[in-house]
Amino acid sequence: MITVSAPGKLMLFGEHAVVYDRPCLATAVDQRMFVSIDKLEEKTLELEALDVEVIGYKKPLEDLGKGDIPKGARFIEAVLKRLIAKHPIKGGLRVETRSEFSSTYGFGSSSASTVCLVKAFSEVFGTGFSKKQIFDFAYGAVLDVQGKGSGYDVAAATYGGTIYFMTGGETIEPIEVDGLPLVVGYSGVKVDTVQLIDEVAERAKNYPEVVARIYDGIAGVVELAKERLMSHDWTSLGELMNINEGYLSSLGVEGTKLATMIYAAREAGAYGAKLSGAGIGDCMIALVPKDKKQDVAEAIEGAGGEVVDLSVHVEGVRVEK
Ligand code: PMV
């Protein structure tokens, strides 16, 4: 048996535009997903994923991807199907997943577990996948299940650290960052990322030139933010967060609850604040001077948010034992 873990992620800059051939910046967070796998004689998949209520799930390998699949098993089935199509195995596989974080926060638990399975498969069957191969298998599976998405969450889980990422993994560049001072607030509102991508696409259909310019504007913010991040210019990075938030607001994904938390964080002394991810719900992030951390955290709570204590820029997928 082998256990592998991968981190969750936070989007720093560039959400939505990154779905359409623009770059983004993302960081890996210390809320990890764990996947253990073991070989089986029988040609079946056995899956235990208690966190997503999949218990005693069993399926012949030849039926992977077919029939009615419980939500919590979709990514594992999709990626295993891809793996054995390229690298046939003799018997079957027992898979157990465990999460350090609730899937409600939107830290990317599905993508992280998909990445873990590819890495664990590589270890157990000696396929020696590179990071890019792990990314490609896992991203393919994510597209099989949800049909769209940039793949930035898959890249963050695979590479860890902080990355400059281009749609589909065309560029995945590690960025050296030292102690990014973030406060993260969870809105308590659950969002469906695919639905929000669709809503933005609908808006883009009505105003294609306008929305294309917004995406180009966001791409410009990402390029500058990359420089400021590397030079640790937090004042400017905070301002760029506010500008990025303005663009997201114009795409219609800000949402009242997140906006209230974001403005409260700014008023309490943050360098800047923005939503992180698809918008409307999930999380916001604030970049804060050290001496304002407590004030900003209290302001976010005062606005009805929950402050999530986490570290960023952590290690990507790794073997645990
Ligand atoms: O909510 P999340 O973390 O799945 O992120 C959404 C970010 C989008 O750019 C809207 C989608 C994507 O796949 O990049």
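All of these numbers come straight from a predicted model, not from anything done at the bench. (Residues numbered from 1 in each chain as written. Predicted model: local features only at pLDDT ≥ 70, side-chain atom pairs only at ≥ 80, totals over all residues. Heavy atoms only, no water.)

Asker: Is there a simple way to explain the overall build of the protein chain in this structure?
Answerer: From N to C terminus, the protein chain includes nine helices and twelve strands. On C-alpha atoms alone, the protein chain measures out to a radius of gyration of 20 Å, which is about the 20 Å that the 2.2 N^0.38 rule sets for 321 residues. A total of 321 residues make up the protein chain; the buried ones form 56% of that total. Averaged over its 34 positive side-chain charges, the protein chain has a centre that lies 5 Å from the centre of its 46 negative ones. (Helix = DSSP H or I, 4+ residues; strand = E, 2+ residues; numbered from the N terminus. Rg over C-alpha atoms; globule rule 2.2 N^0.38 Å. Buried < 20%, exposed > 50% of the residue type's maximum accessible area, 1.4 Å probe, protein only. Lys, Arg positive; Asp, Glu negative; His and termini not counted. Charge placed at Lys NZ, Arg CZ, Asp CG, Glu CD.)

Asker: Hey, could you run me through the packing of aromatic side chains in this one?
Answerer: Any pair of aromatic rings gets described here by the distance separating the centres and the angle formed by the planes. The full count for this structure, using the stated rule, is seven aromatic pairs. Pairing Tyr20 with Tyr215 gives two aromatic rings, centres 5.2 Å apart and planes at 15 degrees, and the pair type is stacked. One end of the pair, Tyr20, is in the loop between β1 (2–13) and β2 (23–40); the other, Tyr215, is in helix α6 (residues 208–230), and 195 residues separate them in sequence. A residue is classified by how much of its surface remains accessible, and Tyr215, at 5% relative accessible area, is buried. Relative to Phe137, the ring of Phe129 lies with its centre 5.0 Å away and its plane at 40 degrees, an arrangement referred to as tilted. Like Phe137, Phe129 is buried. Following the ring pairs from residue to residue traces out a cluster consisting of Tyr105, Phe107 and Tyr186. (Phe/Tyr/Trp six-rings, centres within 6.5 Å; stacked < 30°, edge-to-face > 60°.)

Asker: Explain the sheet that holds strand β9 (residues 272–276) to me, please; I cannot follow it from the model alone.
Answerer: By definition, the strands of a sheet pair up through backbone hydrogen bonds, in either a parallel or an antiparallel sense. Read from one edge of the open sheet, four strands run β9-β10-β8-β11, paired in antiparallel fashion. What marks the edges here is a single partner per strand, and that holds for β9 and β11 (306–308). When the angles between neighbouring strand axes are averaged without regard to direction, this sheet yields 30 degrees. Set on the sheet, helix α7 (residues 234–250) makes contact with β8 (182–186), β9 and β10 (283–287); between it and β9 the angle comes to about 45 degrees. (Pairing = 2+ DSSP bridges. Axes fitted to C-alpha atoms, helices over the stretch in contact; angles between N-to-C directions. Contact = heavy atoms within 4.5 Å.)

Asker: So what exactly am I meant to see when it comes to the environment of Lys71 here?
Answerer: Among the secondary structure elements, Lys71 is positioned in the loop between β4 (54–60) and α1 (74–86). For Lys71, a relative accessible area of 67% puts it in the exposed group. In this structure, the C-alpha to C-alpha distance between Lys71 and Gly106, residues 35 residues apart in sequence, is 15 Å.

Asker: Just to check I follow, could you spell out the state of the cysteines for this structure?
Answerer: Evaluation of the coordinates by the stated rule reveals zero disulfides. Cysteine Cys24 is unpaired, with the sulfur of Cys283 as its nearest cysteine sulfur at 16 Å. By relative accessible area, which is 0% here, Cys24 ends up buried. Here Cys116 is not cross-linked by a disulfide; its sulfur's nearest cysteine counterpart is in Cys283, at 20 Å. (Disulfide = S-S within 2.5 Å.)

Asker: Looking at this structure, I do not really get the site of the ligand. What am I missing?
Answerer: Contacts to the ligand come from Lys9, Glu15, His16, Val18, Val19, Gly149, Ser150, Tyr152, Thr193, Ile197, Gly277 and Ala278. The backbone of His16 places a nitrogen or oxygen atom 2.9 Å from an oxygen atom of the ligand. Here an oxygen atom of the ligand sits 2.6 Å away from a polar atom, N or O, in the side chain of Ser150. Coverage of the ligand by the protein chains reaches 93% of its 370 Å² of free accessible surface. Residue classes in the shell around the ligand are distributed as five nonpolar, five polar and two charged. (Near = heavy atom within 4 Å. Polar contact = N/O pair within 3.5 Å; in protein donor to acceptor, adjacent residues only side chain to side chain. Areas by Shrake-Rupley, 256 points an atom, 1.4 Å probe, with all protein chains shown as cover. Nonpolar A, V, L, I, M, F, W, Y, C, P; charged D, E, K, R; others polar.)

Asker: Sorry, what's going on with the layout of surface pockets here?
Answerer: To find leftover empty space, one rolls a probe the size of a water molecule over the atoms. Quantified by volume, the second largest pocket comes out at close to 420 Å³. Lining the second largest pocket are 21 residues, and of these Leu180, Pro181, Leu182, Val288 and Lys293 sit closest to its centre. Residue assignment for the lining of the second largest pocket shows that the elements contributing at least two residues are β8, α9 (293–302) and β11. Looking at which element gives the most residues to the lining of the second largest pocket, the answer is β8, with three residues. Here the lining of the second largest pocket is built from residues that sort into 15 nonpolar, three polar and three charged. (1 Å grid on protein atoms, 1.4 Å probe; cavity = no way out; pocket = protein on both sides within 12 Å on 5 of 7 lines; lining within 4 Å. Points joined across faces, edges and corners; volume = space filled by probe spheres on them.)

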